[in-house]
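Residue-level listing of the chains:
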Amino acid sequence: MPKPIKRCVEPKVINDLRHLIVSNAEVYGDKPLYTYKENKEIKVFTHNDQLANMNRLGTAFAKLGIMGKTVAVIGETHPAYMTTYYTTINGGGVIVPLDRELELEQVANFCTLAEVEAIVYTKGFNTKLLPLVDKMPGVKYFIPIHDGEDTEDERVRTYSSLLEMGQTELDAGNREYLDYEIELNKLCAILFTSGTTGTSKGVMLSHKNLTAATNSSCQSMECDYTNTFVSVLPIHHTYECTCAHLALSNIGGSVYINDGLKNTMKSFAYFKPNTLVLVPLYVETMYKRIWAEIDKKGMTRKVKFAMKLSNLLLKVGIDLRDKFFAQIKDAFGGNLRSIICGGAPLSPQLVKDFETFGITIVEGYGITECAPLVAVNRTNNIILHSVGHPVVGCTVKIDKSPEEETGEILVKGDNVMMGYYKNPEATAEVFTEDGFFRTGDIGFIDKKGAIHITGRKKNVIILSNGKNVFPEEVEEHLASCDRIAECVVIGRKNANGEIVITAVVYPNFDVVGKDTPVDEIREAVKEQVFEVNRNLPSFKQVREIEIRTEEFEKTTSRKIKRFLIK
């Protein structure tokens, strides 16, 4: 029989990531941690499974001589992926989660740079990695999570065989892994940044960094073991790993692993999550689809009236949102109550509309170098246009002169990285003399202590008159245009050599029509953009519009690669 679940009124405060796994097994036992589909079969992985498999795999690593070494992991989200992550870190090793969309040559380069001695991978890489053996001479073991083709290469050890090896060693009394003492200040993870700016650095995180980030995430989320989630974002990404795996595991939440982007809505319908962890592009896409469907059914006026009525009723304590907007919520499975969102700004109108539908969007702010969470709104204190207050244990200040309204956001805390791997020059550049990390983001802190981000330092557009425009601010306003699916605001030189604010737009073809000529699409988009311009200062207004027929190239965390836009 499953152990009864003890409700945690306050989230557990963990001492380290081994304590996380051990205490989870004690508190939540056989409660499902992950539900996932494999070979068309629904499988369940519990907190007890996580502890048992971690100890087995760690003991096998000790037997093979790779405990305490550097291990890479790559592939789709899978329980064994996280088991590998915990196993490596809790045995004194260094985990290197790699983006599964990397070119194979880059995978080999990162493994060589990080001095990886073993690489664990999911089924999609079974036939891809072995041809790279000669390019990764330091890798002693290739460990497929799913059994692949038979091979006589002794460097290939299946994940299942290592679990068996570890259990045999444990039964024989091998306690090398079990008795390892955690060193909190030791390097335990190297995260290669996603490269939206065209460069990639190896962010070094200590065990203390990840422990602090897990605790602050849990203390910032109003969630507990009753919360259910669908994992959508790539697991190697710090935001997904910390907030949707480490933290959700600690609170006892249950996670359904989405089996592919095309199945996302089916996953929502099947698992019926009450909370989601997403990036803005997902939310904006869903928002536009909702309104496109409403418009298609000729119900726009009716829904907008219902929204006004619902908001009036809420003011007198009557909540009929589940009744009024049942069809909208059914698209997410019917139970969705909140979305934790970070990675880019969201339109305040979008946040307001989702709240009217009965879904609270909680915006936060994080950066890989901070493991990643820095600040987040709280469900009972949403401050529009802001990313909320700093999380527990994190100090934030703005580097600016008295006459300036905004400045660079600086962060200090136990969550802040050790530095960049084998790159002391880059490390020195991003730390102040008193130990604050320079985020590269520009913003301000309001009178209530909430952080507002206005843009990225490196993206700023300097106009010919010397004024600065942060493209993210303009893009936030353009996100409300239903004829725009995606856009990037840049500065273009015109024939006179002047910098002109230009919107590069990928249209929403569901609204403008797939067969509509480009010139007509541009005019339709221009009409909405000029409406947006009415609410912007003249120097921030979009003057030119460029239409593209293909989506922007993105990272796996769905961020547009701005550096590719010429």
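See the structure above.
First, a word on scope: everything that follows refers to the structure included in this document.

## Topic: the nonpolar core
Among the nonpolar cores identified, the biggest contains 114 residues, and M82, L210, V283, I339, F354, I361 and V374 are the most heavily contacted of them. Counting residues per element, this core draws most heavily on helix 7 (residues 238–251), at eight residues. The residues touching I339, leaving out its near neighbours within four places in the chain, are L276, L278, V283, F354, I359, T360, I361 and V362. Ranked by size, the runner-up nonpolar core spans 29 residues in total, among them V504, V532, V542 and I547.

## A closer look at the sheet that holds strand 23 (residues 484–493)
Taken together, the three strands give an open sheet; going across it, the order is 23-24-25, and neighbouring strands pair in mixed fashion. Since the sheet does not close on itself, it has two edges, and those belong to strand 23 and strand 25 (544–547), each with one partner. Going across the sheet, the axis of each strand differs from the next one's by a mean of 30 degrees, ignoring polarity. Sheet topology places strand 24 (residues 499–507) next to strand 25; four bridges connect them, and they run parallel. Residue pairing for strand 25: T502 is matched across the bridge by E544. Of the strands in this sheet, strand 23 and strand 24 are in contact with helix 15 (residues 471–478), which crosses strand 23 at around 145 degrees.

## Remarks on the pattern of salt bridges
Overall, the coordinates contain 25 salt bridges when judged by the stated rule. For R492, the salt bridge is made with E546, and the minimal N-O distance between the two is 2.9 Å. Of this pair, R492 sits in strand 23 while E546 sits in strand 25, and the two are 54 residues apart along the sequence. Residue E546 is classed as partly exposed on the basis of its relative accessible area of 28%. E523 is the salt-bridge partner of K526, the closest N and O atoms lying 3.4 Å from each other.

## Considering the pairing of strand 10 (residues 254–257)
By the alternation rule, side chains of strand 10 split into S254 and Y256 and V255 and I257, which are all buried. Direction of pairing for strand 1 (residues 32–38) relative to strand 10: parallel, over a ladder of two bridges. What sits directly across from T35, in strand 10, is Y256. In this sheet, strand 10 lies alongside strand 9 (residues 228–231) in parallel orientation, the contact comprising four bridges. Note that in strand 10 the partner of V230 across the bridge is Y256.

## Describing the sheet that holds strand 9
One open sheet holds the four strands; their spatial order is 2-1-10-9, and the pairing between them is mixed. Here the strands that pair on one side only, and so sit at the sheet edges, are strand 2 (41–46) and strand 9. Looking at each pair of strands side by side, their axes are set apart by 20 degrees on average, direction ignored. Summarising the sheet, strand 1 and strand 2 pair through six bridges and their orientation is antiparallel. Bridge pairing in strand 2 places Y36 opposite K43. Its contacts with the sheet put helix 2 (residues 47–64) on strand 1 and strand 2, and the angle it makes with strand 2 is roughly 75 degrees. Sitting on the sheet, helix 7 is in contact with strand 1, strand 9 and strand 10, with an inclination near 145 degrees to strand 9.

## Here we look at the packing of aromatic side chains
Two measures describe an aromatic ring pair: the distance that separates the ring centres and the angle between the ring planes. All chains considered together, the criterion is met by 13 aromatic pairs. Pairing F324 with F325 gives two aromatic rings, centres 6.1 Å apart and planes at 90 degrees, and the pair type is edge-to-face. Here F324 falls in the partly exposed class, since its relative accessible area comes to 31%. Taken together, a centroid distance of 5.6 Å and an interplanar angle of 70 degrees make the contact between Y506 and F509 edge-to-face. An aromatic cluster of at least three residues, connected via ring pairs, comprises Y287, W291, F324, F325, F354 and F357. We note K128 situated over the ring of F125; from NZ or CZ to the ring centre the distance is 5.1 Å.

## Quick notes on the pairing of strand 11 (residues 275–278)
The side chains of a regular strand alternate, residue by residue, between the two faces of the sheet. The two faces of strand 11 match: T275 and V277 on one face and L276 and L278 on the other face are all buried. Two elements, strand 11 and strand 12 (residues 338–341), share four bridges in a ladder whose sense is parallel. Its bridge partner being in strand 12, L278 is matched across the sheet by C341.

## Overview of the side chain of N415
Inspection of the secondary structure puts N415 in the loop between strand 17 (407–413) and strand 18 (419–420). A polar contact is formed between the side chain of N415 and the backbone oxygen of C370, at a distance of 3.1 Å. At 3.2 Å, the side chain of N415 and the backbone oxygen of L373 are in polar contact. Once residues lying within four places of it in the same chain are set aside, the contact partners of N415 are N209, A212, E369, C370, A371, L373 and C394.

The rules behind each value
Residues numbered from 1 in each chain as written. Predicted model: local features only at pLDDT ≥ 70, side-chain atom pairs only at ≥ 80, totals over all residues. Heavy atoms only, no water. Core = buried A, V, L, I, M, F, W, Y, C linked by side-chain atoms within 4.5 Å. Buried < 20%, exposed > 50% of the residue type's maximum accessible area, 1.4 Å probe, protein only. Helix = DSSP H or I, 4+ residues; strand = E, 2+ residues; numbered from the N terminus. Contact = heavy atoms within 4.5 Å. Pairing = 2+ DSSP bridges. Axes fitted to C-alpha atoms, helices over the stretch in contact; angles between N-to-C directions. Salt bridge = Lys/Arg side-chain N within 4 Å of Asp/Glu carboxyl O. Phe/Tyr/Trp six-rings, centres within 6.5 Å; stacked < 30°, edge-to-face > 60°. Lys NZ or Arg CZ within 6 Å of the ring centre and 35° of its normal. Polar contact = N/O pair within 3.5 Å; in protein donor to acceptor, adjacent residues only side chain to side chain.

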